[in-house]
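Here's the letter readout for the chains.
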Amino acid sequence: MSTDITAEQQERDCDVLVVGSGAGGLAAAVTAAWHGRDVVVAEKEPVLGGATAWSGGWMWAPGNPVSREGGNTESADGPRTYLRHELGDYYDEERVEAFLEAAPRMVSFFRDHTELQFVDGAAIADFHGHTPGAGTGGRSVGPAPYSSRRMPRHLVRRMRPQLYATSFLGMGIMAGSDLQSFLHFRRSPEAFLHVARRVTRHVFDLLLRGRGTQLVNGPALVGRLLTSADRLGVRLLTGSPVIELTTAPDGRVTGAVVAGPEGKTRYRARHGVVLASGGFPQDPARRREHFPRTPTGEEHWSMAPASASGDGADLAGTVGGRLRTDVRSAVAWCPVSLVRYPNGAVGRFPHIVDRGKPGLIGVLANGRRFVNEADGYHDYVAAMVDAVPEGEEVASWLVCDHRFQRRYPFGMSKPFPVPVAPYVRSGYLRKGRTVEELAERCGIDPEGLRRTVDAFNTHARKGEDPEFGRGGTPFNQRSGDPEVGPNPSLAPLDRGPFYAIKVLPGSFGTFAGLDVDTRTRVLDGSGTPVPGLYAAGNDQVSVMGGAYPTGGINLGPAMASGYTAGTAVAADEAAHTDGGAG
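Described in the following lines is the structure provided in the data block. Just so it is clear, the model here is predicted, and its values are computed rather than measured.

### Quick word on helix α1 (residues 23–34)
(1) Moving on: Helix length check: α1, at 12 residues, gives a terminal C-alpha distance of 16 Å against a target of 16 Å (1.5 Å per residue), a fit within 8%.
(2) Moving on: For α1, a buried count of 11 out of 12 residues is recorded, marking the element as mostly surrounded by other parts of the structure.
(3) Moving on: Looking at α1, one finds that the buried residues are Ala23, Gly24, Gly25, Leu26, Ala27, Ala28, Ala29, Val30, Thr31, Ala32 and Ala33.

### Quick word on the pattern of salt bridges
(1) Moving on: What the rule picks out here adds up to 38 salt bridges.
(2) Moving on: The salt bridge partner of Arg369 is Glu373, with a shortest N-O separation of 2.8 Å.
(3) Moving on: Here Arg369 falls in the buried class, since its relative accessible area comes to 7%.
(4) Moving on: Using a relative accessible area of 0% as the deciding quantity, one classes Glu373 as buried.

### Quick look at the packing of aromatic side chains
(1) Moving on: Tallied over the entire structure, the rule returns 15 aromatic pairs.
(2) Moving on: With 4.7 Å between their ring centres and 65° between their planes, Phe127 and Phe475 make a pair best called edge-to-face. One end of the pair, Phe127, is in the loop between β4 (118–120) and β5 (140–143); the other, Phe475, is in helix α16 (residues 474–479), with 348 residues separating them in the sequence. Across this residue pair, the class does not change: Phe127 and Phe475 are buried.
(3) Moving on: Each ring, one from Phe404 and one from Phe410, has its centre 5.8 Å from the other, and the planes form 80°; the classification is edge-to-face. Like Phe410, Phe404 is buried.
(4) Moving on: A connected cluster of aromatic rings, assembled from ring pairs, spans Phe127, Tyr377, Phe475, Phe508, Phe511 and Tyr548.
(5) Moving on: In this structure, Arg160 is placed above the aromatic ring of Trp54, and the distance from its NZ or CZ to the ring centre is 4.8 Å.
(6) Moving on: The cationic tip of Arg286 hangs over the ring face of Phe280; the distance from NZ or CZ to the ring centre is 5.8 Å.

### Here we look at the side chain of Asn372
(1) Moving on: Checked against the element boundaries, Asn372 lands in the loop between β16 (360–363) and α11 (377–387).
(2) Moving on: At 3.0 Å, the side chain of Asn372 and the backbone nitrogen of Ala374 are in polar contact.
(3) Moving on: At 2.9 Å, the side chain of Asn372 forms a polar contact with the side chain of Asn476.
(4) Moving on: Excluding anything up to four places from it in sequence, Asn372 contacts Phe468, Gly469, Arg470 and Asn476.

### Details of the nonpolar core
(1) Moving on: Phe110, Leu226, Val274 and Met559 are the most contacted members of the largest nonpolar core, which has 72 residues in total.
(2) Moving on: Among residues more than four places away in sequence, those in contact with Val274 are Val16, Leu17, Val18, Val19, Ala28, Tyr534, Ala536, Ala565 and Val569.

### Overview of the pairing of β5
(1) Moving on: Burial along β5 is two-sided: the residues Ser140 and Gly142 and Val141 and Pro143 are all buried.
(2) Moving on: When strand β3 (residues 59–60) meets β5, the two strands line up antiparallel, connected through 2 bridges. Across the sheet, Trp60 pairs through a bridge with Ser140, a residue of β5.
(3) Moving on: The sheet contact formed by β4 and β5 spans 3 bridges and is antiparallel. Paired with Val119 across the two strands is Gly142, which belongs to β5.

### Concerning the side chain of Thr227
(1) Moving on: Structurally, Thr227 can be placed in helix α8 (residues 217–231).
(2) Moving on: Residue Thr227 is classed as buried on the basis of its relative accessible area of 1%.
(3) Moving on: Setting aside anything within four residues of it in sequence, one finds Thr227 in contact with Glu115, Tyr146, Arg150, Met151 and Leu155.

### Looking at the pairing of strand β22 (residues 529–535)
(1) Moving on: In terms of burial, β22 is a largely internal element, 5 of the 7 residues being buried.
(2) Moving on: Turn length for the strand β21 (residues 521–523)-β22 hairpin, with the two strands adjacent in sequence and antiparallel, is 5 residues, and the turn residue Gly527 shows positive phi of about 85°.

### So, the packing of α1 against helix α17 (residues 555–570)
(1) Moving on: Where α1 meets α17, the closest approach of the two axes is 7 Å, and the angle between their N-to-C directions is 35°. In the crossing of α1 with α17, the sense of the turn from one axis to the other is right-handed. Contacts from Ala23, Gly24, Ala27, Ala28, Thr31 and Ala32 of α1 reach α17 at Leu555, Ala558, Met559, Gly562, Tyr563, Ala565, Gly566, Thr567, Val569 and Ala570.
(2) Moving on: Its residues assigned to classes, the contact of α1 with α17 shows 11 nonpolar, 5 polar and no charged.

### Here's the deal with unusual backbone geometry
(1) Moving on: Omega for the peptide link from Phe416 to Pro417 comes to 15°, which places this bond in the cis form.
(2) Moving on: Along the polypeptide, Pro417 turns up in the loop between α12 (402–407) and α13 (421–425).
(3) Moving on: A cis amide bond links Gly485 with the next residue in sequence, Pro486, at an omega value of 5°.
(4) Moving on: Tracing the backbone through its elements, the reader meets Pro486 in the loop between α16 and β19 (498–510).
(5) Moving on: If you check the backbone angles, Arg293 has positive phi at about 55° while not being a glycine.
(6) Moving on: By the secondary structure assignment, Arg293 is in the loop between α9 (284–290) and β12 (301–302).

Parameters and conventions
Residues numbered from 1 in each chain as written. Predicted model: local features only at pLDDT ≥ 70, side-chain atom pairs only at ≥ 80, totals over all residues. Heavy atoms only, no water. Helix = DSSP H or I, 4+ residues; strand = E, 2+ residues; numbered from the N terminus. Expected span 1.5 Å × (residues − 1). Buried < 20%, exposed > 50% of the residue type's maximum accessible area, 1.4 Å probe, protein only. Salt bridge = Lys/Arg side-chain N within 4 Å of Asp/Glu carboxyl O. Phe/Tyr/Trp six-rings, centres within 6.5 Å; stacked < 30°, edge-to-face > 60°. Lys NZ or Arg CZ within 6 Å of the ring centre and 35° of its normal. Polar contact = N/O pair within 3.5 Å; in protein donor to acceptor, adjacent residues only side chain to side chain. Contact = heavy atoms within 4.5 Å. Core = buried A, V, L, I, M, F, W, Y, C linked by side-chain atoms within 4.5 Å. Pairing = 2+ DSSP bridges. Axes fitted to C-alpha atoms, helices over the stretch in contact; angles between N-to-C directions. Left-handed = near helix turned anticlockwise from the far one by under 90°. Nonpolar A, V, L, I, M, F, W, Y, C, P; charged D, E, K, R; others polar.

Structure representation (structure tokens):
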């Protein structure tokens, strides 16, 4: 390659260069460093953590030791059967088998050798409970909560902060017992004490340190991985995009040029380069080409940071890497609402928790429901994209009554005792004394919405949803409220005033990505590995083939592929020592 390095600029050596600092990149870096390699991580943004720092942190990892020790002793036959039915024609047996083998090994490795510890997702069911092989729990793990006080200060300062829109005063709330305590603190003394302790500690952290120290979800995963990387001597570069791969005359990738704060530096990576830059959810050109109903590329609101713009695919393309788009869906959908802050910034809120709670429906502009709202987030957006007529804006409205809004989180708005008025004044929530008034203020057909609400209420009072079967799977039921019966996912909307939030297509990332083999080596158009080049996380084509069978199928494969890439690149026996560039 041809980038010039002047005499004032430096050339440096390492064994492994990792591009990106999300789950896949950090997993690869920590694994390779634990195997004795000298590792450099080059992060494009001024902060570390990628999209993982804004995620829920849960990883789908069937057969993992944490779940086995918790009582789940199933073999790989169940997950294998589930994936075979869910992925259908996109089932890649070789890659699926490699993932099912690597995922439990990944959990064991990090638990036994690093700061990363896990909690069991015993109550987390797969999305589609009627599919053969669907699990009812024990296939997922999450990062154990972590205190940033255990991290070196230089890492805390450079770590991507908790996403404000999904926090409470900047404090993350973990799925499971932590979230349930916040939802039921008014009805349980134990829950009230738990919430009081969490909030009090957070307030003290803000006063004394300027930011919370209680890390849960994605921030806990990133914090634990960063601490592990630091202890193993991994060099973590920020504000340092990789602008070019370097190669030897035989085509082997030997390193890269990094444009850091002090200029360009050529890193000679003796063992190879791992691409883990987060896919291309923020690349309007590729969105326009590969996402449905995105004619300009701008009709999309990803939860990924702006830096996830396809750098990995661009870099790999210069050395023959192939971008695979032959997947069921190129995008990992997530329904989002837009949060407009006083300073003019526009935030994005992912609707994960609220849709499954009883007393909420999702409707189109015609006032009609179009999906089982309590199913997976990908399912919701995919159904919305299919249901909205061509030529109309792809959007829907989540609608609830006053009882729901005071009891559960509703998008960015918080339940009692947080006031609802600010969300109404800002326009984030639309409010109407009646269903018809709410419809008028949202641009929804009033008669259509009234008919939908009346029909829904009639059946919901009996715990039934004949139109979409809501509440008919373990995932639906556990997403609801166990204190509501006869169906924890259903309740009528009958106590005004009524509220609505506009929901648009968003994403957690991309499923299309670089073609790789089971060792995560990047493949060229003929299916031959590009020597010295690996891909992990969303930079590689999803092992799920563009399907979204359950939660955690972004982070689980990201961690497993990072672990596999780190192991493979550390053992790369073809490593050149001259670092020559072509």
